[in-house]
Amino acid sequence: MNDLTQCVLTPEVSTAGFDPLGVGVHRASTIVFKDAAAYAARGDRGHQGYSYGLYGTPTTRTLEAKLTSLERGAWTFLAPSGQAANALAILPFVAAGDHVLMVDTAYPPMRDLAESDLRRLGVDVEFFDPLSPEDVARKMKANTRLVWCESPGSTTMEIMDLPTVAAIAHQAGALVGVDNTWATPLNFKPLLHGADIVTEGLTKFVSGHSDVLMGSITVKDSALIQPVRALIGRMGIGVSPDDASLVLRGFETLGVRLRHSESIALEFARKMAEHPLVSQVLHPALETFPGHAVWKRDFLGSSGVFSITVAEAAAGQVSAALDAFRLFAIGASWGGTRSLVAPMSIGRFRSATSWTGSDLILRLSIGLEDREELWADVERFLKALQERHAEANNLSPKAAVRHG
Ligand SMILES: *Cc1c(COP(=O)(O)O)cnc(C)c1O
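Since this is a predicted model, take the numbers as computed values, not measurements. (Residues numbered from 1 in each chain as written. Predicted model: local features only at pLDDT ≥ 70, side-chain atom pairs only at ≥ 80, totals over all residues. Heavy atoms only, no water.)

**Considering the overall build of the protein**
Worth spelling out the cut-off: Helix and strand assignments follow DSSP, with helices taken as H or I runs no shorter than four residues and strands as E runs no shorter than two, numbered in order from the N terminus. Categorising residues by exposure relies on relative accessible area from a 1.4 Å probe, with only protein chains included: less than 20% of the type maximum marks a residue as buried, more than 50% marks it as exposed, and the intermediate range marks it as partly exposed. The contact definition used throughout considers only heavy atoms, calling two residues in contact when any of these lie within 4.5 Å. Here the open area of atoms and residues is found with the Shrake-Rupley method and a 1.4 Å probe, where only the protein chains shown may cover a residue.
The secondary structure content of the protein amounts to 15 helices and 12 strands. Taken along its principal axes, the extent of the C-alpha atoms in the protein is 85 × 55 × 35 Å. Relative to its full complement of 404 residues, the protein shows a buried share of 52%. In the protein, of all internal contacts separated by at least 6 residues, the share reaching a separation of at least 24 is 71%. Carbon and sulfur atoms form 54% of the exposed surface of the protein, whose accessible area is close to 18,200 Å².

**Remarks on the nonpolar core**
Cut-off, in case you're wondering: For this analysis, a nonpolar core means a set of buried residues of the types Ala, Val, Leu, Ile, Met, Phe, Trp, Tyr and Cys, connected via side-chain atoms within 4.5 Å. Where each domain begins and ends follows an automated or database-derived domain assignment.
Grouped together as the largest cluster of nonpolar side chains are 113 residues, with contacts concentrated most on L63, V147, C149, I217, F306, I308 and F381. Each of domain 1 (53-251) and domain 2 (254-403) contributes no fewer than three residues to this core. Once you skip the residues sitting within four places of it in the chain, I308 turns out to touch M272, V278, Q280, V281, L360, I361, L362 and L364.

**Re the pairing of strand β3 (residues 124-128)**
Strand residues, when the strand is regular, have side chains that alternate between the two faces of the sheet. Test applied: The criterion for strand pairing is that DSSP finds at least two bridges linking the strands in question. With its strands directed away from the observer, a crossover is right-handed exactly when the path from the first strand over the helix to the second travels clockwise.
In terms of strand pairing, strand β2 (residues 99-103) meets β3 through 5 bridges, oriented parallel. Its bridge partner lying in β3, V100 is registered against V125. For the handedness criterion, the β-α-β arrangement of β2, helix α5 (residues 108-120) and β3 is classed as right-handed.

**Focus on the site of the ligand**
Where we set the bar: Summary of the distance rule: residues count as near a molecule or strand when at least one heavy atom falls within 4 Å of that molecule or strand. Each polar contact in these results corresponds to two N or O atoms within 3.5 Å; when the atoms are within protein, one needs to be able to donate a hydrogen and the other to accept it, and residues that are neighboring in sequence are counted only if both atoms are side-chain atoms. Think of a 1 Å grid over the protein atoms and nothing else: a 1.4 Å probe that fits but is trapped marks a cavity, an open set flanked by protein within 12 Å on at least five of seven lines marks a pocket, and residues with an atom within 4 Å of a point count as lining. Just a note on the criterion: a molecule sits in a pocket or cavity if more than half of its atoms are within 2 Å of the grid points. For this scheme, ten residues count as nonpolar: Ala, Val, Leu, Ile, Met, Phe, Trp, Tyr, Cys and Pro. Four count as charged, namely Asp, Glu, Lys and Arg, and the remainder, Gly too, count as polar.
For the ligand, the full set of nearby residues is S81, G82, Q83, N86, Y107, E150, D179, T181, T203, K204, L213 and W334. At 2.6 Å, a side-chain N or O of T203 approaches an oxygen atom of the ligand. Using a 2 Å cut-off from the grid points, one finds that the ligand occupies the largest pocket. Here the shell around the ligand gets 3 residues from one element, more than from any other, and that element is helix α4 (residues 82-90). Residues belonging to the shell around the ligand are distributed by class as follows: 3 nonpolar, 6 polar and 3 charged.

**Description of helix α14 (residues 371-392)**
Our working rule: Take the number of residues in a helix, subtract one, and multiply by 1.5 Å to get its expected span.
Look at α14: 32 Å from first C-alpha to last across 22 residues, which is about the 32 Å you get at 1.5 Å a residue. If you check which residues of α14 are buried, you get L374, W375, D377, V378, F381, L382, A384, L385, Q386, H389 and A390. Between a side-chain oxygen at the N-terminus of α14 and the backbone nitrogen of E372 the separation is 3.2 Å; the capping residue is D370. Two residues or fewer after α14 comes N394, characterised by a positive phi angle close to 55°.

**A look at the domain arrangement of the protein**
Worth spelling out the cut-off: Each of two parts loses accessible area, computed with a 1.4 Å probe, when they are put together; buried area is these two losses added. Think of a salt bridge as a Lys or Arg side-chain nitrogen and an Asp or Glu carboxyl oxygen that are within 4 Å of each other.
Taken as a whole, the protein is organised into domain 1 (53-251) and domain 2 (254-403). The straight-line distance from the C-alpha centre of domain 1 to that of domain 2 is 27 Å. Each partner contributes to the interface: domain 1 provides 39 residues, whereas domain 2 provides 38 residues. Both sides together, the interface formed by domain 1 and domain 2 hides about 3,300 Å², and carbon and sulfur atoms give 63% of it. Looking at the side of domain 1 facing domain 2, the largest losses of area belong to W182, N187 and F205, adding up to 24% of the total buried there. Summed over the shared surface of domain 1 and domain 2, the number is 1 salt bridge.

**Quick look at the sheet that holds strand β5 (residues 175-179)**
Here is the rule: All axes are obtained by fitting lines to C-alpha atoms, using only the stretch in contact for helices, and the reported angles, taken between N-to-C directions, cover 0 to 180 degrees.
Read from one edge of the open sheet, 7 strands run β1-β7-β6-β5-β4-β2-β3, paired in mixed fashion. What marks the edges here is a single partner per strand, and that holds for β1 (75-79) and β3. For this sheet the average axis-to-axis angle between neighbouring strands, irrespective of direction, equals 20°. The pairing of β5 with strand β6 (residues 197-201) spans 3 bridges and is classified as parallel. Bridging across to β6, V178 finds its partner in V198. Across the face of the sheet, helix α3 (residues 58-71) comes into contact with β1, β6 and β7 (215-219) while running at roughly 125° to β1. Sheet strands in contact with helix α9 (residues 225-235) are β1 and β7, and its direction is about 20° off that of β1.

**Overview of the packing of aromatic side chains**
Just so we agree on the cut-off: Between the rings of Phe, Tyr and Trp (Trp by its six-membered ring), a pair exists once the centres lie within 6.5 Å; its type follows the angle of the planes, with under 30 degrees stacked, over 60 edge-to-face, and the other angles tilted. Whether a charge sits over a ring comes down to the Lys NZ or Arg CZ being within 6 Å of the ring centre and within 35 degrees of the ring normal.
Counting across every chain of the model gives 8 aromatic pairs. Aromatic pair F188 and F299: ring centres 4.1 Å apart, planes at 10°, arrangement stacked. Residue F188 is found in the loop between α8 (184-187) and β6, and its partner F299 is found in the loop between α12 (292-298) and β9 (305-310); the two are separated by 111 residues along the sequence. When sorted by exposure, F188 lands in the same class as F299, which is buried. Site record: aromatic cluster; members linked through ring pairs are W182, F188 and F299. Taking the ring centre of Y55 as reference, the NZ or CZ of R229 above it sits at 4.8 Å.

Written out as structure tokens, the structure is:
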């Protein structure tokens, strides 16, 4: 072989004895076949075989296998983001004339998908109260194809009685999908509580370092594999093995990161609940939280993300007080090593329920910084809030607390 050809061809080297702990990054579009017959029969390789880079490489399959096992599912597909996973969990299963029920507290882009695209494609969409299986039962129709759930609810953290809702859906022949991003498969296993499909925003806790976007769809039964795989193929959606490798690396420390964040989040939630200007702490592991009993029954732990609302009288000062944070960064997403705070407004994202609390909700994501320094940062914010509230109302800071 002359040099030009040698430059192109890959020499075979032995991999015997090379047993690394890390997962190799296999980049590929083309996968070659040993002969023409094997190429012609590539379709027979099925969802477990390799035929083209878009349909999987050993790197992406390793991540999929880890998720399939943790979720107790039949198969997992990766998507370029958590929201892509959500969309791809619904689209294969609905057609014009079908009816979809979606939880009122779904991740806002899911509401948008339902109200914009599903409706445009002729799918009838209705929203239901996360706290009311009766509302689901009342709204089920003969053509209800899918019930989409998320628990806890985005931002406001309502815990659904998933087994009851799933039983109602299944009795009417509908599929049940659950966005499990908050809990991760370590803290909740929706497929063991009635769901047929579970999605994860791996972008958050699972990857854990705020530097990669990815999502997953895990199906419970093998009958659900082909519809999802076929649509993903037709839409030409796949993930890069480099990104999958980042998620695999983060995954290895998920257990300790999550336990650490969970413990600090719960401690902070309890302490913040005592502050006079904090009106509500929305955290399912608090004994006083409305969905606590169901959370305790079904979940294996909580998470590092919770929300608070501040007293109505001080709500106008929150935005300025946020600038007092020095460790907590202000930003969207969560589940990374850096603690985050984000002011959220949810009023326009509710239709089947009405949120009666303040429409300024602060979502906190606890990262891996030092516990005491992080709490000092929270105290800086609360102090700034108190001072600004007092100034705005011409009160002494002490009186501001009493009037808060
Ligand atoms: C962030 C989030 C997603 C989407 O994840 P991306 O990877 O950012 O698209 C989905 N569901 C929930 C509940 C989320 O919080």
